[in-house]
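Now for the letters of each chain:
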Amino acid sequence: MKAKSVTLYDVADSAGVSYQTVSRVINQASHVSERTRLKVEAAMKSLNYVPNRVAQQLAGKLSHTIGLATTTLSLHAPSQIAAAIKSKAGERQFNVMISMVEQPGAEAARAAINSLLAQRVDGLIVNIPLETADAQTVLTACGPVPALFLDVSPDVTANHIVTDAASGAYLGVEHLVTLGHQSIALLAGPENSVSARLRLEGWLRYLAQRQLAPFAIMRGDWSSLSGYQQVSLLLRNEPFPTAILVANDQMALGALRAINDVGLTVPQDISVMGFDDTEDSACFIPPLTTIRQDFRSFGEASVNGVISLIQTGGRLTVLHPVSLVERKTTAAPGGARSPSATQLADALSLLARQVARLK
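The model shown is predicted, which means the values in this text are computed figures rather than measured ones.

**Digging into the overall build of the chain**
- Scanning the chain from N- to C-terminus turns up 13 helices and 12 strands.
- In the chain, which comprises 359 residues, the share counted as buried stands at 46%.
- Across the chain, the fraction of contacts at a sequence separation of at least 24, relative to all contacts at a separation of at least 6, is 72%.
- Taken as a whole, the chain presents about 17,700 Å² of accessible surface, with 53% of it coming from carbon and sulfur.

What follows is the structure, encoded as structure tokens:
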């Protein structure tokens, strides 16, 4: 005989509450006490009760499912963001459906969106690089379902949470120029990436403010291999730049290998600056100086944002902060690393002790 399915009434009997209370817990109603919610959740777990989402959707209720349309997860940043989204969504009692595209653009994004809408998701997170006009086209395709964009220009009218690319570009240029670099090459990401464009535009703007022109502008595809290839070509002939700004850490890894292969040393001969602060970047040889994007907090913020849009609507535009992480791949031109204030204080203290011993 076929086993009887566990119903909402079974859960209510087990927890000692009404079936209406169980329904409120499932639908995350705010007027349920913590004690009652925990009793109901314990009963659901012991009975292996799974809410019938299809029935809820047919009744016009939320499915508690978020759709994530994302670029390929073979790249580090999208995969880390997706992992954070799934983790945070689980904490918030939401499921995540993922639709992945291999190529950016409005057409691919619309196809991904349509496949998610067919799953009756409550809201959409779109982590696909889209120019402003394309983002508007995709937003229209979302219809009444709330959508939050993660890889668009900050001037887009759609709801968005985006990395503060301008601040990241400024921190990179300012760090190298303060060290004394004037011959700075730029290794940007692919032309079809909004993030790559914003970082390159920022570098050029802040270099111009310092009355500097880039030594060279190269483009990779975010991979370490492309970083290696582009920097290898750059170093075929002298003169060499004294520093390279790189649009992500993976391409910076390739740049480090290319510099080593021609017999030069980082940072004594050429400084290298990344962007992302991936987990591996601290283990590069040398450890990579980079601009930190906190992918976990970025993904978590996107989940909180889209749930807010689902539940209350409104408008959401956020610039997610970045920061400088200084390690061992940057130094003053010629290899003389500028001492920090702590290093200077330690040196003066040592000198004072040595002088005292001589008296």
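**Here's the deal with the sheet that holds strand β9 (residues 271-273)**
- Reading across from one edge, β7-β6-β8-β9 is the order of the four strands in this open sheet, with parallel pairing throughout. The sheet terminates laterally at β7 (217-219) and β9, the two strands that pair on one side only. Looking at each pair of strands side by side, their axes are set apart by 20° on average, direction ignored.
- Bridge count between strand β6 (residues 184-188) and strand β8 (residues 243-246): four bridges; the pairing is parallel. Note on β8: the bridge partner recorded for L186 is L245.

**Section: unusual backbone geometry**
- The omega torsion of the bond from E238 to P239 falls at 0°, within 30 degrees of zero and hence cis.
- Tracing the backbone shows P239 in the loop between α10 (224-234) and β8.
- Along the chain, I285 connects to P286 via a cis peptide bond; the corresponding omega equals -5°.
- Here P286 lies in the loop between β9 and β10 (290-292).
- Positive phi, normally seen in glycine, also occurs at R120, with a value near 60°.

**Here's the deal with the packing of α10 against helix α11 (residues 249-261)**
- Where α10 contacts α11, the axes come no closer than 6 Å and their chain directions differ by 40°. By the angle between their axes, α10 is oblique relative to α11. For the crossing formed where α10 meets α11, the hand is right-handed. Taking contact as the criterion, the partners of S224, S226, G227, Y228, V231 and S232 in α10 are, on α11, Q250, M251, L253, G254, A255, R257, A258, I259 and D261.
- Tallied by class, the residues present in the contact of α10 with α11 amount to seven nonpolar, six polar and two charged.

**Details of the pairing of β8**
- Going residue by residue along β8, you find A243 and L245 tucked away on one face and I244 and V246 tucked away on the opposite face as well.
- Taken together, β8, α11 and β9 constitute a β-α-β crossover, and its handedness is right-handed.

**Describing the nonpolar core**
- Core analysis: the biggest nonpolar cluster contains 42 residues, and I184, W203, V231, I244, L245, I259 and V272 have the highest contact counts within it.
- Elements with a contribution of two residues or more to this core: α8 (165-179), β6, α9 (194-209), α10, β8, α11 and β9.
- The dominant element in this core, judged by the number of residues it contributes, is α11, at six residues.
- Look past the residues within four positions of L245 in its chain and what remains in contact with it is G172, V173, L176, I184, A185, L186, L187, W203 and M273.

**Things to note about the side chain of D249**
- Inspection of the secondary structure assignment puts D249 in helix α11.
- No salt bridge is formed by the buried D249. Its closest oppositely charged neighbour is R327, at 5.9 Å.
- Residues in contact with D249, not counting those within four places in the same chain, are G274, F275, D276, D277, T278, S281, F284, L288 and T290.

**Describing the packing of aromatic side chains**
- Within this structure, the stated rule accounts for one aromatic pair.
- Its end group placed over the ring of F275, R199 keeps NZ or CZ at 4.1 Å from the ring centre.
- The ring centre of Y206 lies 5.2 Å from the NZ or CZ of R205, which sits over that ring.

**Here's the deal with the side chain of D122**
- Here D122 lies in the loop between α6 (106-117) and β3 (123-127).
- Beyond its immediate chain neighbours, meaning those up to four positions away, D122 contacts L62, S63, H64, T65, F94, V145, P146 and I310.

**A word on the pattern of salt bridges**
- By the definition in use, this model includes 12 salt bridges.
- In this structure, R257 engages D261 in a salt bridge whose closest nitrogen and oxygen atoms are separated by 3.1 Å. Residue R257 and its partner D261 are located together in helix α11, separated by four residues, close to a single helical turn.
- Overall, the relative accessible area of 39% leaves D261 in the partly exposed class.
- Among the salt bridges present, the one from E300 reaches R296, with a minimum N-O distance of 3.7 Å. One end of the pair, E300, and the other, R296, are both in helix α12 (residues 295-312), four residues apart, so they sit about a helical turn from each other.
- For E300, a relative accessible area of 23% translates into the label partly exposed.
- Counted as one network, the salt bridges with shared partners bring together D277, R292, D294 and R327.

Procedures and definitions
Residues numbered from 1 in each chain as written. Predicted model: local features only at pLDDT ≥ 70, side-chain atom pairs only at ≥ 80, totals over all residues. Heavy atoms only, no water. Helix = DSSP H or I, 4+ residues; strand = E, 2+ residues; numbered from the N terminus. Buried < 20%, exposed > 50% of the residue type's maximum accessible area, 1.4 Å probe, protein only. Contact = heavy atoms within 4.5 Å. Areas by Shrake-Rupley, 256 points an atom, 1.4 Å probe, with all protein chains shown as cover. Pairing = 2+ DSSP bridges. Axes fitted to C-alpha atoms, helices over the stretch in contact; angles between N-to-C directions. Parallel < 35°, antiparallel > 145°, perpendicular 65-115°, else oblique. Left-handed = near helix turned anticlockwise from the far one by under 90°. Nonpolar A, V, L, I, M, F, W, Y, C, P; charged D, E, K, R; others polar. Right-handed = clockwise from strand over helix to strand, strands pointing away. Core = buried A, V, L, I, M, F, W, Y, C linked by side-chain atoms within 4.5 Å. Lys, Arg positive; Asp, Glu negative; His and termini not counted. Salt bridge = Lys/Arg side-chain N within 4 Å of Asp/Glu carboxyl O. Phe/Tyr/Trp six-rings, centres within 6.5 Å; stacked < 30°, edge-to-face > 60°. Lys NZ or Arg CZ within 6 Å of the ring centre and 35° of its normal.

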